[in-house]
Amino acid sequence: MTIQIEALGKQIHSSTSTWLFRDVNASIMEPTIIGILGKSGQGKSTLLRILGRLLQPDAGTVFLEKKEMSLWDPRAWRMKISYVAQQAVMLPGSVEDNLRTVSTLHQRPFDMKLASDLMEQLYMEEIDWSKPATQLSGGEKQRLALVRSLMLQPSVLLLDEVTASLDTKSKQAAERLLVDLHHQTGTTLIWVTHDLEEARVACKRIWFMANHQLAEDTECEAFFHSPQSVEAREFLQDGNVHAALSEVQR
Ligand SMILES: Nc1ncnc2c1ncn2[C@@H]1O[C@H](COP(=O)(O)OP(=O)(O)OP(=O)(O)O)[C@@H](O)[C@H]1O
Ligand SMILES: [Mg+2]
């Protein structure tokens, strides 16, 4: 499973049509965990949504398994690359309906055991499956949306701040589940997060977005140890200040 991103760009559709980001080039030639970091509004979600084929780029393209995106049936693409949204969207119906939807959509048998196992691993075993999904808490919705995507067993998971609204215990469970999944199955994770510690522990590679481009594509340790760009240094310093402040407040 390979992904090649070539000269990818997305415009902000305003009166002045400026680029949110442009000329993004990167390739993934083997299973990995990539952390996407960058300030709010840099286009991290937009990039993930393009990779998940929920949004069209305004320039450039993406190759999956050496085949250009427009040559792929979008549904076949989304079975391989699944996007888990920043704001979890519940489908109509019960928790169980939500769990079953992806199987129905992709004409696959529903794996009840896999669903129960995943729910349990994310501390959701107590949830009543007949409950309307819209009545779940924010963190429960987030985890259900994650389970829904995991049920697809995609080659690539696009994770958009999927641990942001979780308590510490659930957050650690989700991180463990995802990293284990990568090790056991070779699933590639492309993981947007504002949690620097999470990125540092989980990821192998960092894509850092700044100045309307992919400013750095660096091995994880190297990024945190010796970032190349001024923007990344500032970004990490700000992050460290926040971490230090929350230590003090504790
Ligand atoms: N559908 C859209 N139409 C117009 N503008 C959009 C749309 N989606 C996003 N944008 C704009 O594009 C910019 C980047 O948004 P995006 O959500 O990709 O940022 P982000 O890096 O994920 O930020 P955050 O860290 O806050 O989630 C923002 O200024 C946003 O207002
Ligand atoms: Mg975002």
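Residues numbered from 1 in each chain as written. Chains lettered and ligands numbered in written order. Predicted model: local features only at pLDDT ≥ 70, side-chain atom pairs only at ≥ 80, totals over all residues. Heavy atoms only, no water.

A short note on the coordination of the magnesium ion (ligand 2)
- Surrounding the magnesium ion (ligand 2) are the protein donor atoms Ser45 (OG) and Gln86 (OE1), at 2.0 to 2.4 Å. Taken together, the residues Ser45 in helix H1 (residues 44-51) and Gln86 in the loop between strand E6 (81-84) and helix H3 (95-105) connect sequence positions 41 residues apart.
- Residue classification places Gln86 among the partly exposed positions, given a relative accessible area of 32%. (Donors = N, O, S within 2.8 Å, 3.2 Å for Na, K, Ca; no water. Helix = DSSP H or I, 4+ residues; strand = E, 2+ residues; numbered from the N terminus. Buried < 20%, exposed > 50% of the residue type's maximum accessible area, 1.4 Å probe, protein only.)

Remarks on the nonpolar core
- Residues Leu37, Leu99, Leu144, Leu159, Leu178, Ile206 and Phe224 are the most contacted members of the largest nonpolar core, which totals 47 residues.
- The residues touching Phe224, leaving out its near neighbours within four places in the chain, are Leu37, Leu196, Ala199, Arg200, Ile206 and Leu236.
- Counting residues in hydrophobic clusters, the runner-up holds 28 residues, among them Ile5, Ile34, Ile50 and Met69. (Core = buried A, V, L, I, M, F, W, Y, C linked by side-chain atoms within 4.5 Å. Contact = heavy atoms within 4.5 Å.)

Considering the state of the cysteines
- Following the criterion strictly, the structure yields zero disulfides and no others.
- Cys203 takes part in no disulfide bond, and the closest cysteine sulfur, belonging to Cys220, lies 5.9 Å away.
- According to the relative accessible area criterion, Cys220 is buried, its value standing at 3%. (Disulfide = S-S within 2.5 Å.)

Points about the site of ligand 1
- The environment of ligand 1 is made up of Leu20, Lys39, Ser40, Gly41, Gln42, Gly43, Lys44, Ser45, Thr46, Gln86, Glu161 and His194.
- One of the backbone N or O atoms of Gln42 is found 3.2 Å from an oxygen atom in ligand 1.
- Contacts to ligand 1 include Gly43, whose backbone N or O atom sits 3.0 Å from an oxygen atom.
- Here ligand 1, which alone exposes 640 Å², has 54% of that area covered by the protein.
- Here the element with the most residues in the shell around ligand 1 is H1; it accounts for three residues. (Near = heavy atom within 4 Å. Polar contact = N/O pair within 3.5 Å; in protein donor to acceptor, adjacent residues only side chain to side chain. Areas by Shrake-Rupley, 256 points an atom, 1.4 Å probe, with all protein chains shown as cover.)

Quick word on the sheet that holds strand E10 (residues 213-219)
- Overall, mixed pairing links the six strands, which are arranged E6-E7-E8-E3-E9-E10 in an open sheet. Two strands in the sheet have a free side with no partner beyond their single neighbour: E6 and E10. Between one strand axis and the next, the sheet turns through 15° on average, direction left out of account.
- Where strand E7 (residues 156-160) meets strand E8 (residues 188-192), five bridges bridge the pair, whose relative direction is parallel. Within E8, the position partnered with Asp160 by the bridge is Val192.
- Helix-sheet contacts for helix H5 (residues 138-151) involve E6 and E7, and the interaxial angle to E6 is about 175°. (Pairing = 2+ DSSP bridges. Axes fitted to C-alpha atoms, helices over the stretch in contact; angles between N-to-C directions.)

Everything listed here is a matter of geometry and, on its own, says nothing about what the molecule does.
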